[in-house]
Amino acid sequence: MGIAATVKTWVIIAFLQTPVQPNVAPYQDLFVFTKPYFSTGEQCVNFVQANPLFVMEGVMSYYGPTRTIENVMCMEKEKFMKLMKEHSPYGKQTNGTSI
C-alpha cells in the first residue's frame, strides 16, 4: 500500500436551512465544496474559520441570496460519500456538484 492510499481528503459541507412547505416532506439541502480540499480536518476547520465569506459566497453563487446557512462542517470525502449513498432516498447524488 502506497503513501497516497493513506492520505485522506477533507471537504467543506454547508447545511442550509430548509424552508417549511406545506405538504412537502422535510429535507436538507447541502452544498459540498470540491475546492479547496484538505489533507486534515484541522486544516479544513482552520480554513472555514478564517474564511467565512468564502463559504457564504459559494452557497450564494449556487442558491442565490435567499438561502441561509444553518451549519458548516468538515468531513472526510470518503465518509461523506458513504453516508450519502447509505442515507440518500435516491442512493446517489441528485443535485449539485460532484465530488
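Going by the structure above, here's the rest.
Residues numbered from 1 in each chain as written. Predicted model: local features only at pLDDT ≥ 70, side-chain atom pairs only at ≥ 80, totals over all residues. Heavy atoms only, no water.

Caption draft 1: Focus on the overall build of the chain. Broken down by element type, the chain carries four helices and three strands. Scored against the burial criterion, the 99 residues of the chain give a buried share of 24%. Considering only intrachain contacts with a sequence separation of at least 6, the fraction spanning at least 24 residues in the chain is 66%. When the accessible area of the chain is evaluated, it comes to approximately 7,200 Å², of which 57% is carbon and sulfur surface. (Helix = DSSP H or I, 4+ residues; strand = E, 2+ residues; numbered from the N terminus. Buried < 20%, exposed > 50% of the residue type's maximum accessible area, 1.4 Å probe, protein only. Contact = heavy atoms within 4.5 Å. Areas by Shrake-Rupley, 256 points an atom, 1.4 Å probe, with all protein chains shown as cover.)

Caption draft 2: Summary view of the sheet that holds strand β2 (residues 30-38). In spatial order, the strands read β2-β1-β3; together these three strands make up an open sheet with antiparallel pairing. Edge positions in the sheet fall to β2 and β3 (69-76), since each of these pairs with one other strand and no more. Strand-to-strand, the axes of this sheet are offset by a mean angle of 20 degrees, without reference to chain direction. Direction of pairing for strand β1 (residues 10-16) relative to β2: antiparallel, over a ladder of five bridges. Counterpart to Ile 13 in the pairing with β2 is Val 32. The sheet strands contacting helix α2 (residues 41-50) are β1, β2 and β3, and the helix crosses β1 at an angle near 45 degrees. The strands touched by helix α4 (residues 77-87) are β1, β2 and β3; relative to β3, the strand with the most contacts, the crossing angle is about 115 degrees. (Pairing = 2+ DSSP bridges. Axes fitted to C-alpha atoms, helices over the stretch in contact; angles between N-to-C directions.)

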